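# Remarks on the overall topology
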Amino acid sequence: MTRHRKIDHPDNDNRLDSMAQGVLGKPVDRLEGPLKVSGLATYASEARPSGMAHGVLVRATITKGRVVGIDRQAALALPGVMTVITDPRMVRYPAQGMAGKGPKAGPDVVDYHGQPIALVVAEGFEQARHAAKALRITYEEEPAPTDPDTVTPEVPDAKQKAQGDLDAAIRDAAFSVDCTYTTPTLMAVAMEPHAAIAEWDGDRVTVRAALQMLASDRKQLADALGVGPEQVRLLAPYVGGGFGSKLGIAPEAVAAAIAAKELGVPVSVALTRMQEFDITHRRSESRQRVLLAAGADGVLTGIGHEALVSNLPDSPFSEPVTQATPFTYQAAHRRIAHRIARVHRSCAGSVRAPGEAIGVTVFEAALDELAEAAGIDPVELRLRNIPDREPGTGRPYSVNRLGDCLREGAHRFGWNQRRAPKERLEGEWFIGMGMAAAVRVNMLIESRARVTLTEDGAKVETDMTDIGTGTYTILRQIAAEMLGLPVDLVEVHLGDTDFPPAAGSGGSFGAASSGTSVYLACEDIRARIAERMGCTDAELRLQDGRASFRNDTRELRELLAGEVLVAEGHVEPGDAEKQARQATWGAHFAEVAVSRHTGEVRVRRMLGVFACGRILNEKTARSQCLGGMTFGIGMALTEGVEHDPRTGHIVNRDLAGYHLPSHADVPEQDVVFLPDRDGFAGPMQAKGIGELGICGAGGAVLNAIYNACGVRVRDLPATPDKVMP
Amino acid sequence: MQTELFINGRVHRLDADARVTLLDALRHHLGLTGTKKGCDHGQCGACTVLVDGRRVNACLTLACMCDGAEITTIEGLGEPGALSPLQSAFIAHDGFQCGYCTPGQICSATAMMDEIAAGWPSHATEDLNAPVRPSPEEIRERMSGNLCRCACYPNIVDAIMEVQG
């Protein structure tokens, strides 16, 4: 039985709040926790099928051109070396998330420095690694631009928007800001590097992989290999972080499958950390000009947000920097510009909250400049500019909690203790506070799940992934809540394309999309139980393995009498997403200390207040937000790729050169969720949460630096040399 | 190359390439994949194990250098149903999300608690003449060799404080 629902209308029935089990939303421990803390959760590169060989990718050392010769003799002569593969099906870079086909193939054509061009396979990993250095490669090199500032960018018509006369608004404004910020190339840096182990059985290949979206990844890998999707099985029960970097298939999975077929043995290919920097998607650097015009009362009359980003010539993706700008604040005169520089740096793609992560951060920093110019408190300035309806379209908001988040955050953080720049000095440290709004679009993606109810409990199966997002646990809680079972009696099986295809993890849509499919499957099972109890679903009470209707209470065991109830839930987005602007909302507050001697910035405390619909698990949701906020610390203070100006090559391609926030960089952080329900998001009234925490967080840190020491850093990250007061 | 390793209380005789790191010996040769490879350069801490009671990056240690050494990996600290107090505290405080850095964090914290107990000072230690006391600042400083991109740092500190405090 399949229960299908297209979300064409807002669903405000609020069924989940009338369920009896009382486990949804609670801070339930992670289902897979015991396996993860004892090292027994197995990631992509942790199977050891018999006879497995090891492959190491070899990268191009030119920026653009052709591979005209590979001398393999020296490599093949080394002990243990089995083959050198340069199959034309090998791909040059990863697929974009949800792409229906494989990424560009043909490793003999080089698009960027560091691109994989060959795979060396040996019996042992050390042998393959050594042999990979023994290939003698000759190239025919072509000149290629690598600096986005030196090329004439594309200006796609569909991505430019204008309303009114922004220039006149700036001219006539009581207060205005015209500022340009730059953000560097940023990397996802999931702790588990990309890896794949491929094993063929006849014409079917099974690939254990580090991937976020198995249903579309399967199609991409099949397309890349030239086989049917039914011939590909992907397994990713545990994924060591994604943050966008594992949305689409990447060169290692394709290469492993090709090598395994050729050699007739399982082949493992794992990217080194440096290859991870070279090959996987980067978040494009950006140059963002923000123009703001306001009356004497701080009410915005003009908003301009112009972005320049980059990507390879044929890539369909460009960082949607201005995505949230049109609907966050009101102004009569508006201009959105989006330009794409075509350069030969590595492929740009989605990294956690593509668009808002850097767009909201910069816009919120510019708003801080306006608040300063107008002499209006930054929180108050934002409160005066929250629209009633979506500007431009006139659509209602499904829910808009920005004002509530700002007020709640200001109160909790002690915002009224904020002083003027340089007024608070503790020893060598200037202390300052900053804030920023958080906003991120909300999406629902088609998703399916199967739920099986037996006398012993329930089982959820879907090819959804848990990349640290808490999916195992929230799907368990949803099924437990709907079916009236203690959480321990619900098993969840994920990460296998043999299960019904799910939305996958990406774009913050995973929890609500896959969760709704589980909800629908459970709804179907509830209806069948209700029938046996002679009541309607609304009259049925399921709790602790018992069904009740009025005075009639029966054990599920008795009702099932050995029967197994199976249902599939299938959710699709529908008209509801067109009827209203759906987004998630929040407010970030940060306190920093800036050394007056060295320019060093220490974040002292951070608060995020968020409204994202129903919270499915307080504990895992909070952790998702902590993660996003810490990405914001990194973006503001330490993270940034240095491209070699001659080749575009990523110079600081390891964790000693690309600085992630460490324990010592991350202070006390507080996360608050406002009670919230959004019926436009579907029957669970739950929205995404994985990305909201990063949107604007870095802006709060930058604004706090200004408030501390009076230095406005517009070229991220705010390293000591730029901050030095 | 012949190496004898005492891992989690058991003797393992390894016959492997001299270039095999302790990390790859565990993962590729001995089936102990709880120890993770995050960077292979000693920059992330995911491969932290205890060698003769001290925390080391297994990726920077050749297996043959550990001949005769006593090694404890995450699998040796506890298992589902019999977890160490620290492993349990990581679950209770949600000290991980994706879980990939987690074995390294837990091994590192296990040794770190011994270092504090032994009075080893750190950059965060206020008074070098007084006994070292565990505090969030000490833990953040001493755990900074273990990166967590999911950024469960505050939760990890809470978990360690619960056990240490």
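Residues numbered from 1 in each chain as written. Chains lettered and ligands numbered in written order. Predicted model: local features only at pLDDT ≥ 70, side-chain atom pairs only at ≥ 80, totals over all residues. Heavy atoms only, no water.

### Overview of the interface of chain A and chain B
- Counting from both sides, the interface comprises 59 residues of chain A and, opposite them, 54 residues of chain B.
- Summed over both sides, the interface of chain A with chain B buries roughly 4,500 Å², with 58% coming from carbon and sulfur.
- Taken as a group, A:Val37, A:Met191 and A:His663 account for 20% of the area that chain A buries against chain B, more than any other trio of residues on that side.
- Across the pair B:Lys36 and A:Glu46 runs a salt bridge whose closest N-O atoms are separated by 2.9 Å.
- Linking chain A with chain B are 28 residue pairs in polar contact (both at pLDDT 80 or more).
- Broken down by secondary-structure element, the contributors of at least two residues to the side of chain A that touches chain B are helix H1 (33–37), helix H3 (125–132), helix H7 (273–279), helix H16 (618–637) and strand E30 (668–673) of chain A.
- Broken down by element, the side of chain A that touches chain B gets its largest block of residues, 9 residues, from H16(A). (Contact = heavy atoms within 4.5 Å. Buried area = accessible area lost by both parts, 1.4 Å probe. Salt bridge = Lys/Arg side-chain N within 4 Å of Asp/Glu carboxyl O. Polar contact = N/O pair within 3.5 Å; in protein donor to acceptor, adjacent residues only side chain to side chain. Helix = DSSP H or I, 4+ residues; strand = E, 2+ residues; numbered from the N terminus.)

### Comments concerning the sheet that holds strand E1 (residues 2–7) of chain A
Residues and elements named next belong to chain A.
- Reading across the sheet, the 5 strands line up as E1-E27-E21-E22-E23 and stay open at both edges, with mixed pairing between neighbours. Each end of this open sheet is capped by a strand with a single partner; those strands are E1 and strand E23 (490–493). Here the average twist between neighbouring strands, direction ignored, is 20°.
- Here strand E22 (residues 457–461) pairs with E23 via 4 bridges, running parallel. Residue pairing across strands places Lys459 opposite Glu491, the latter belonging to E23.
- Each of strand E21 (447–454), E22 and E23 is contacted by helix H12 (residues 471–483), which is oriented at about 140° to E23, the strand it contacts most.
- The sheet contacts of helix H13 (residues 510–533) involve E1, E21, E22 and strand E27 (565–573), and relative to E27 the element is tilted by about 135°. (Pairing = 2+ DSSP bridges. Axes fitted to C-alpha atoms, helices over the stretch in contact; angles between N-to-C directions.)

### Examining the environment of B:Leu147
- The residue B:Leu147 is located in the loop between helix H5 (136–142) and helix H6 (153–164) in this model.
- On the basis of relative accessibility, which here comes to 6%, the residue B:Leu147 falls in the buried class.
- B:Leu147 sits 93 residues away from B:Arg54 along the chain, and the two C-alpha atoms are 19 Å apart.
- Discounting chain neighbours no more than four positions away, the residues touching B:Leu147 are A:Met191, A:Leu655, A:Leu660, A:Pro661, A:Ser662, B:Gln43, B:Cys44, B:Cys101, B:Gln105 and B:Tyr153. (Buried < 20%, exposed > 50% of the residue type's maximum accessible area, 1.4 Å probe, protein only.)

### Focus on the side chain of B:Gln105
- In this structure, B:Gln105 sits in helix H4 (residues 102–117).
- One polar contact links the side chain of B:Gln105 to the main-chain carbonyl oxygen of B:Leu147, over a distance of 3.5 Å.
- In this structure, B:Gln105 is in contact with A:His663, B:Phe90, B:Met143, B:Asn146, B:Leu147, B:Cys148 and B:Ile156, ignoring residues within four places of it in sequence.

### Quick notes on the pairing of strand E25 (residues 546–549) of chain A
All names here are of chain A.
- As paired elements, strand E24 (residues 541–543) and E25 share 3 bridges and run antiparallel to each other. Note on E25: the bridge partner recorded for Arg541 is Ser548.
- As judged from the 4 bridges shared by E25 and strand E26 (residues 552–555), these two strands associate in the antiparallel manner. Across the sheet, Phe549 pairs through a bridge with Asp552, a residue of E26.
- The turn joining E25 and E26, which pair antiparallel and follow one another in sequence, is formed by 2 residues; a positive phi near 50° is taken by Arg550.

### Digging into the domain arrangement of chain A
All names here are of chain A.
- Under the domain assignment used here, chain A contains domain 1 (2–41 + 444–578), domain 2 (53–144 + 188–282) and domain 3 (390–441 + 582–723).
- Centre-to-centre separation of domain 1 and domain 3, based on C-alpha positions: 33 Å.
- Listed as interface residues are 35 residues of domain 1 and, on the opposing side, 26 residues of domain 3.
- For the pair domain 1 and domain 3, the summed buried surface comes to about 2,300 Å²; carbon and sulfur atoms form 53% of the total.
- Applying the counting rule to domain 1 against domain 3 returns 3 salt bridges.
- A salt bridge links Asp17 to Arg677; its shortest N-O distance comes to 3.1 Å.
- Linking domain 1 with domain 3 are 14 residue pairs in polar contact (both at pLDDT 80 or more).
- Per-element accounting of the side of domain 1 that touches domain 3 gives the leading share, 5 residues, to H13.
- Considering only residue class, the side of domain 1 that touches domain 3 consists of 13 nonpolar, 13 polar and 9 charged. (Domains from an automatic or database assignment. Nonpolar A, V, L, I, M, F, W, Y, C, P; charged D, E, K, R; others polar.)

### Structural notes on helix H11 (residues 402–413) of chain A
- An ideal rise of 1.5 Å per residue puts 16 Å on 12 residues; H11(A) measures up with 16 Å between its terminal C-alpha atoms.
- Trailing H11(A) by a residue or two, A:Gly414 shows a phi angle of about 75°, which is positive. (Expected span 1.5 Å × (residues − 1).)

### A look at unusual backbone geometry
All names here are of chain A.
- Cis geometry marks the peptide bond from Leu716 to Pro717; its omega dihedral reads -5°.
- With respect to the helices, strands and loops of the structure, Pro717 is situated in the loop between helix H17 (697–709) and helix H18 (720–723).
- Even without being a glycine, Ala353 presents a positive backbone phi close to 60°.
- With respect to the helices and strands, the residue Ala353 is situated in the loop between strand E18 (333–342) and helix H9 (356–374).
- For Ala353, a relative accessible area of 0% gives the class buried.

### A short note on the packing of H9(A) against H17(A)
All names here are of chain A.
- Where H9 contacts H17, the two axes come as close as 7 Å, and the packing angle between them is 30°. Seen along the crossing, H9 lies across H17 with a hand that is right-handed. Between H9 and H17, the residues in contact are Thr361, Glu364, Ala365, Asp368 and Glu372 and Ala697, Gly698, Gly699, Asn703 and Tyr706, respectively.
- Among the residues forming the contact of H9 with H17, the class breakdown is 3 nonpolar, 4 polar and 3 charged. (Left-handed = near helix turned anticlockwise from the far one by under 90°.)

### Quick word on H17(A)
Residues and elements named next belong to chain A.
- Its 13 residues give H17 an end-to-end C-alpha distance of 19 Å, which sits within 8% of 18 Å, the value for a rise of 1.5 Å per residue.
- Of all 13 residues in H17, 13 are buried; the element is thus mostly enclosed.
- Once H17 finishes, Gly710 follows within two positions and takes phi at roughly 80°, a positive value.

### Things to note about the state of the cysteines
Residues and elements named next belong to chain B.
- Counting across every chain of the model gives 0 disulfides over all chains.
- For the unlinked cysteine Cys39, the closest cysteine sulfur is that of Cys44, found at 3.8 Å.
- Unpaired in terms of disulfides, Cys47 finds its nearest cysteine sulfur in Cys59, a separation of 3.8 Å. (Disulfide = S-S within 2.5 Å.)

### Topic: the domain arrangement of chain B
Residues and elements named next belong to chain B.
- As far as domains go, chain B holds domain 1 (2–75) and domain 2 (85–164).
- Its C-alpha centre places domain 1 at a distance of 22 Å from the equivalent point of domain 2.
- At the junction of the two partners, domain 1 supplies 17 residues and domain 2 supplies 18 residues.
- Interface of domain 1 and domain 2: buried area, both sides summed, is about 1,300 Å²; carbon and sulfur atoms make up 57% of it.
- Note that Glu115 and Arg55 form a salt bridge whose closest N and O atoms lie 2.9 Å from each other.
- At the boundary of domain 1 with domain 2, the tally comes to 8 residue pairs in polar contact (both at pLDDT 80 or more).
- Of all the secondary structure elements, the ones that give two or more residues to the side of domain 1 that touches domain 2 are strand E3 (48–51) and strand E4 (54–57).
- Examining the composition of the side of domain 1 that touches domain 2, we find that 3 residues originate from one element, E3, more than from any other.
- Split by residue class, the side of domain 1 that touches domain 2 holds 5 nonpolar, 7 polar and 5 charged.

### Digging into the environment of A:Asp223
Residue and element names in this part refer to chain A.
- If you trace the backbone, Asp223 turns up in helix H5 (residues 214–225).
- Asp223 gets classed as partly exposed once you look at its relative accessible area, which sits at 42%.
- Spatially, the C-alpha atoms of Asp223 and Ser315 are 18 Å apart, while their sequence positions differ by 92 residues.
- When residues no more than four places from it in sequence are discounted, the contact partners of Asp223 are Lys101 and Gly102.

### What about the packing of H16(A) against H17(A)?
All names here are of chain A.
- Their axes nearest at 7 Å, the elements H16 and H17 cross at an angle of 50°. Classified by the angle their axes make, H16 and H17 are oblique. For the pair H16 and H17, the sense of crossing is right-handed. Mapping the contact onto sequence places Gly628, Met629, Gly632, Ala636 and Leu637 in H16 and Ala697, Gly698, Val701, Leu702 and Ile705 in H17.
- Tallied by class, residues from the contact of H16 with H17 come to 7 nonpolar, 3 polar and no charged. (Parallel < 35°, antiparallel > 145°, perpendicular 65-115°, else oblique.)

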